[in-house]
Each structure stands twice: as structure tokens, then as C-alpha cells.
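# Residue-level structure breakdown
As a plain string of letters, each chain reads:
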Amino acid sequence: MTPVKSIYELSIEELKAFLNANNLSPDLSSTIFRNLYKKNKHEQPISKKIMSLLGKNFSLTLPKIALVSKSDDGTVKFLMEFNDGKSVETVLIPFHKRFTVCLSSQVGCAMKCSFCYTGTMGLSRHLKSSEIIGQFIVAANYLEEELGMKTMQPNIVFMGQGEPLHNSDEVLKAIEVMMEPLGLCMGPRQMTLSTAGYLPGIKKLNNFPKINIALSLHSPFNDIRKELIPINQHFPLEDIFRELDGLDLMKRQFIVYEYLLIDGLNDRLEDANELEKLLGDRKAAINIIPFNPFPGSKYKRPSEEKVELFKEMLVERKLRTMIRTTKGSDILAACGQLKS
Ligand code: SAH
């Protein structure tokens, strides 16, 4: 029988404990970690004997690439398949001289946001930390091996399929393993987690490393927001902001507020005024995302002029605002277009 526990679930301490229990030196853990996570830079291979011991106790497999689509703008979308045949999408997005990997945290999503393609699938299952880490390793290897790009290690955004805080324990475990200095050595500020406002998960954020936090705000009004994000009925803005205000932010850290812009719905003067009231005194950066249509979607993307106009309204109100450029929409790899 193949073991169910993946080697990629282990922290370095857990690996040491395993080695210890098998009468092996815990020092081997650094060689093993370097081999697992720094494939092309390892100094010393793992011996056959150790490999076979690991193979008997853990699954050593990574997700399989079932499909690759490449956009004209350099974005690469993968369909990654796990051992049980379920799959998610993972996206590599070029950003200046670096890439960002957009990781999925669940197969499907339970949030049912009315503007999101993934939401139409419903939730199939949570991903394990090893499956989250696996997406990163496979995408980073592809970048180096297939595209021959020896760029810096990609940044990470938890903005693929799923609500990361609905699976917060596995996401936290993945973050901690990816930060391990002998492994991927990711810095917390190289990772951004975006949430639809899942309150039980937001309450746990102070236990997370100091990663960047983004909230999908989309409207400063509860009645409009709950149309867009149904969980807002249970977790309204007042409750979300009470938690966010309690987060221990670093000196120059802002919370990013994603603002999906939909033609005629949330791009009005009163929206800008209310956003000023809500965010004016907070450490906030607004990221406008023009709506990306998908097959069967009911909303309209505003024209570029309207997007620019709304941005200007926010800037006039002294709100730090950016427009997120749409990447990969020709291959349905942009925000909200992911489906397996
Ligand atoms: N579950 C997380 C991550 C979702 S994806 C969250 O809700 O924050 C990242 C961003 O893309 C979110 O802000 C999400 O609301 C947005 N998004 C979803 N569908 C979209 C669409 N069709 N067009 C543009 N942005 C979309």
C-alpha cells in the first residue's frame, strides 16, 4: 500500500523526530530538506537506504501537471492533479523581473461569490499542506526547467481556487514549511493571503507569520457586499474590521483591500465616499480589480475610462490605490476565472 502521509507535510522538527525514531542522525534532515526543496542546488544526494526508508513511510510524489496553457502575456496556467485524481489550477504570473505563483488552497470553493467562476463548482475538498507546497515546487521547477528561467524564487499569493482561511490549518502549515531556512526559505513578506472575509479564519491570523493580508472588500456597504459575497450575511464588515484592526501589523505594513469593480454596481460616487469613511484612517491600500467575465457570468466589466475615473476618485480622497492589471485572461487564468 502506498503511504498516505506525504513527506512534504513534515516540518524539519518532525523529520528529525522521524529520523531519531529510526536510529538515524537528525542531522540528515538538512540534506533531505535540501534535496526536497532545492532540487538543483543540492550538495549531497540522499543515500539509497534512506530513500527507501522514506519511501516506505511517506508518499514522495508531487502533483502531476495534467495541462499547461500559456498566455500571450507570459502567464502560465497549470492544471495540477493529485493522487486521488482531483485537480486544481495554479498560475505563474510574470511581474517585473520576477514571477508570482498563485496557489489554490481547496478543490473548488464553498463561498459561492456571485462574480467568481470557481464558486460555481462548490467545494470538493480541502487541500493538504503538502498539496499546497507541491503546487509551488512543480511551478517553480517548470519555470527553471521548461522555460529556462533562472530568476529569483517566485513570490506566493494564496489567490487561486478556494478560500484559504476556510482551510487555515493546512495553509498555515504550508506557510511554515515553506519558510524553513533549509528548504524554500520564503520570507513572510513574499507571501500574500487573500480572504473573502471568513471571520473564524481571520481570528486566527495573529498566530500566522507576518505575511501580507488582503481582504476582498468589493463594497463598503453590507447590503451590496452580501449580494456579491454571501458569507457577508454571517460575517458583516463591522465584525471583519474589528478583527483586522486587532492585527499586529509591521511598521510599513498595509492591509490590501481588493476592490472588484463592476460596471454600475460599485463604481459610483457614493461608493468612493463610503470607502473614504471606512479606510481613510486605516493602514490600507486599495487594489482595484476590473471584473473578469467568464462563461455565463452576469456582471459587466467597466470600461478602462471608468476604471481610471474610479481610481481618481479614491486618490482624490487620499486613499492609496492601484489598479491590478489583468493577466492571463486569454487562457481564463485571471482572478476569478479558475475552474478545474
Ligand atoms: N478566496 C480568496 C481568494 C480569491 S481570488 C478571496 O476571496 O479573497 C483573488 C481575488 O480575485 C479576490 O479578491 C476575488 O474576489 C477576485 N475575483 C474573483 N472572481 C473575480 C472575477 N470574475 N473578476 C475579477 N476578480 C475576481
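Residues numbered from 1 in each chain as written. Predicted model: local features only at pLDDT ≥ 70, side-chain atom pairs only at ≥ 80, totals over all residues. Heavy atoms only, no water.

Bringing the overall build of the protein into the picture now. The helix and strand tally for the protein stands at ten helices and twelve strands. Against the globule reference of 20 Å for 340 residues, the protein gives a C-alpha radius of gyration of 21 Å, in line with a compact fold. The principal-axis extents of the C-alpha atoms in the protein amount to approximately 70 × 40 × 35 Å. Within the protein, residue pairs in contact and separated by at least 24 positions form 67% of the contacts whose partners lie at least 6 positions apart. Surface summary for the protein: the accessible area is close to 16000 Å², and the carbon and sulfur share equals 52%. Averaged over its 44 positive side-chain charges, the protein has a centre that lies 5 Å from the centre of its 40 negative ones. (Helix = DSSP H or I, 4+ residues; strand = E, 2+ residues; numbered from the N terminus. Rg over C-alpha atoms; globule rule 2.2 N^0.38 Å. Contact = heavy atoms within 4.5 Å. Areas by Shrake-Rupley, 256 points an atom, 1.4 Å probe, with all protein chains shown as cover. Lys, Arg positive; Asp, Glu negative; His and termini not counted. Charge placed at Lys NZ, Arg CZ, Asp CG, Glu CD.)

Met178 and Leu279 are the most contacted members of the largest nonpolar core, which has 96 residues in total. In terms of residue count, helix H4 (residues 129-145) provides more of this core than any other element does, nine residues in total. The two domains that each donate at least three residues to this core are domain 1 (7-57) and domain 2 (64-331). The contacts of Leu279, once residues within four sequence positions are left out, are Leu217, Phe241, Tyr257, Ala284, Ile286 and Leu319. In this structure, Cys102, Val157, Ala333 and Leu338 belong to the second largest nonpolar core, which totals six residues. (Core = buried A, V, L, I, M, F, W, Y, C linked by side-chain atoms within 4.5 Å. Buried < 20%, exposed > 50% of the residue type's maximum accessible area, 1.4 Å probe, protein only. Domains from an automatic or database assignment.)

In this section: the site of the ligand. The environment of the ligand is formed by 19 residues, the closest being Phe115, Ser194, Ser216, His218 and Asn292. In this structure, Glu163 approaches the ligand through a side-chain N or O atom, which is 3.2 Å from a nitrogen atom. Contact with the protein chains removes 95% of the 530 Å² of surface that the ligand exposes when unbound. When atoms are counted within 2 Å of each cavity's grid points, the one that captures over half of the ligand is the largest cavity. Among the elements of the structure, strand E8 (191-195), strand E10 (255-261) and strand E11 (284-290) are those that each provide at least two residues to the shell around the ligand. Among the residues forming the shell around the ligand, the class breakdown is ten nonpolar, seven polar and two charged. (Near = heavy atom within 4 Å. Polar contact = N/O pair within 3.5 Å; in protein donor to acceptor, adjacent residues only side chain to side chain. 1 Å grid on protein atoms, 1.4 Å probe; cavity = no way out; pocket = protein on both sides within 12 Å on 5 of 7 lines; lining within 4 Å. Sits in = over half its atoms within 2 Å of the grid points. Nonpolar A, V, L, I, M, F, W, Y, C, P; charged D, E, K, R; others polar.)

A separate point is the packing of aromatic side chains. This model, assessed by the stated rule, comprises ten aromatic pairs. Between Tyr259 and Phe310, the aromatic rings sit 5.4 Å apart at their centres with planes inclined by 20°, giving stacked as the arrangement. Highlighted residues: Tyr259 in strand E10 and Phe310 in helix H10 (residues 304-316), separated in sequence by 51 residues. What makes Tyr259 buried here is its relative accessible area of 1%. Taking relative accessible area as the criterion, Phe310 reaches 0% and is therefore assigned buried. Through pairs of rings, three or more aromatic residues link up here, namely Tyr117, Phe291, Phe294 and Tyr299. (Phe/Tyr/Trp six-rings, centres within 6.5 Å; stacked < 30°, edge-to-face > 60°.)

A few words on the domain arrangement of the protein. Looking at the assigned domains, one finds that the protein contains domain 1 (7-57) and domain 2 (64-331). With centres defined by C-alpha atoms, the gap from domain 1 to domain 2 works out at 33 Å. The partner domain 2 presents 15 residues to the 13 residues of domain 1 that form the contact. Interface of domain 1 and domain 2: buried area, both sides summed, is about 1300 Å²; carbon and sulfur atoms make up 57% of it. (Buried area = accessible area lost by both parts, 1.4 Å probe.)

This part takes up the pattern of salt bridges. Note that side chains of opposite charge can pair when their charged atoms are close. Tallying each qualifying case throughout the model produces 15 salt bridges. The closest approach of N and O atoms between Glu131 and Arg125, which form a salt bridge, is 3.0 Å. Residues Glu131 and Arg125 agree in their burial class; the two are buried. One salt bridge connects Arg242 with Asp239, and the closest N-O pair in it is separated by 3.2 Å. Of this pair, Arg242 and Asp239 are both found in helix H8 (residues 237-245), three residues apart, which corresponds to roughly one turn of the helix. (Salt bridge = Lys/Arg side-chain N within 4 Å of Asp/Glu carboxyl O.)

Here Lys77 lies in strand E2 (residues 76-81). Overall, Lys77 belongs to the buried group, its relative accessible area being 9%. The sequence separation of Lys77 and Lys48 amounts to 29 residues, and the corresponding C-alpha distance is 35 Å. If we ignore the near neighbours within four places in the chain, the residues touching Lys77 are Leu67, Val68, Ser69, Glu89, Thr90, Val91, Ile331, Leu332, Ala333 and Leu338. A polar side-chain atom of Lys77 sits 3.3 Å from a polar atom in the side chain of Glu89.

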